[in-house]
Amino acid sequence: YGKTVGDTIAAGTYTFFKDRGTPTNYKNLLKGFSSMTLFDGNLMNFSKITEATEMLSGCTSLATVDFRNVLFSKLIVAQGMFYGCSGLNTIRLDSMNFATVTNVIGMFQSCTNSSLNIYLGSGALNLSPTAAYTDIFYGVSTSAKLKVPTGTLASFQAHAIWSTFPGTIEEY
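Residues numbered from 1 in each chain as written. Predicted model: local features only at pLDDT ≥ 70, side-chain atom pairs only at ≥ 80, totals over all residues. Heavy atoms only, no water.

S.K.: Would you explain the overall build of the protein in this entry?
M.R.: In terms of regular secondary structure, the protein is built from two helices and six strands. The N-to-C order of helical and strand elements in the protein reads α-β-β-β-β-β-α-β. Within the protein, the proportion of its 172 residues that are buried is 45%. The contacts of the protein with a sequence gap of at least 6 include a subset with a gap of at least 24, amounting to 77%. Put simply, the protein shows about 7,300 Å² of open surface, and 48% of that area lies on carbon and sulfur atoms. (Helix = DSSP H or I, 4+ residues; strand = E, 2+ residues; numbered from the N terminus. Buried < 20%, exposed > 50% of the residue type's maximum accessible area, 1.4 Å probe, protein only. Contact = heavy atoms within 4.5 Å. Areas by Shrake-Rupley, 256 points an atom, 1.4 Å probe, with all protein chains shown as cover.)

So this is what it looks like as structure tokens:
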């Protein structure tokens, strides 16, 4: 894998993922890395990932997750992906298309930071209203913000799942 996870955390960069190939499962990939503060997923290859269950769960010091340019074109299970990331300020999922996702149970559960901003792109509207979503936002602060692209606010507010967000849904 190139650098070890310990070296990567200390160096503050995650480039060792570039040479990891194209696995299909990132389940529990960095679960419990409590000292990690930044995760830049833009450096990883997600082209074949179908499961990201608890991929970053329990990363309590994690402040920023950037998947801004990641498509997740084959992702099916995102259950607990950010579960327990209580320090999160920013999650960027701008390019994520949820068309293939069928399970978002607890995806943002216990992301309790009142300053949390989750950025979604219009592809999030492709999340099927029949997807499993129990506790997707359980424990998320009512001060948190779900940021959506200009012109999509009404669609997100009417969506069966995104409309359950406990904080404010606003455009960016």
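S.K.: What should I look at first to understand the sheet that holds strand S1 (residues 38-40) in this one?
M.R.: Hydrogen bonds along the backbone pair up the strands of a sheet, which may run parallel or antiparallel. Judged by pairing direction, the sheet is parallel, and its six strands sit side by side in the order S1-S2-S3-S4-S5-S6 without closing on themselves. Of all the strands in the sheet, the pair left with one neighbour each is S1 and strand S6 (168-171). Each strand axis lies, on average, 15° off the axis of its neighbour in the sheet, ignoring direction. As paired strands, S1 and strand S2 (residues 64-66) are joined by three bridges and run parallel to one another. Bridge pairing in S2 links Phe39 to Val65. (Pairing = 2+ DSSP bridges. Axes fitted to C-alpha atoms, helices over the stretch in contact; angles between N-to-C directions.)

S.K.: Please clarify how the confidence of the model for the protein should be interpreted in this entry.
M.R.: Note: predicted coordinates in regions of low pLDDT should not be interpreted at a detailed level. Confidence in the prediction for the protein averages 88 pLDDT; 87% of positions are at 70 or higher. pLDDT under 50 marks residues 1-20. Its contacts with residues more than four places away, or in other chains, come to 30 contacts. (pLDDT = per-residue confidence, 0-100.)

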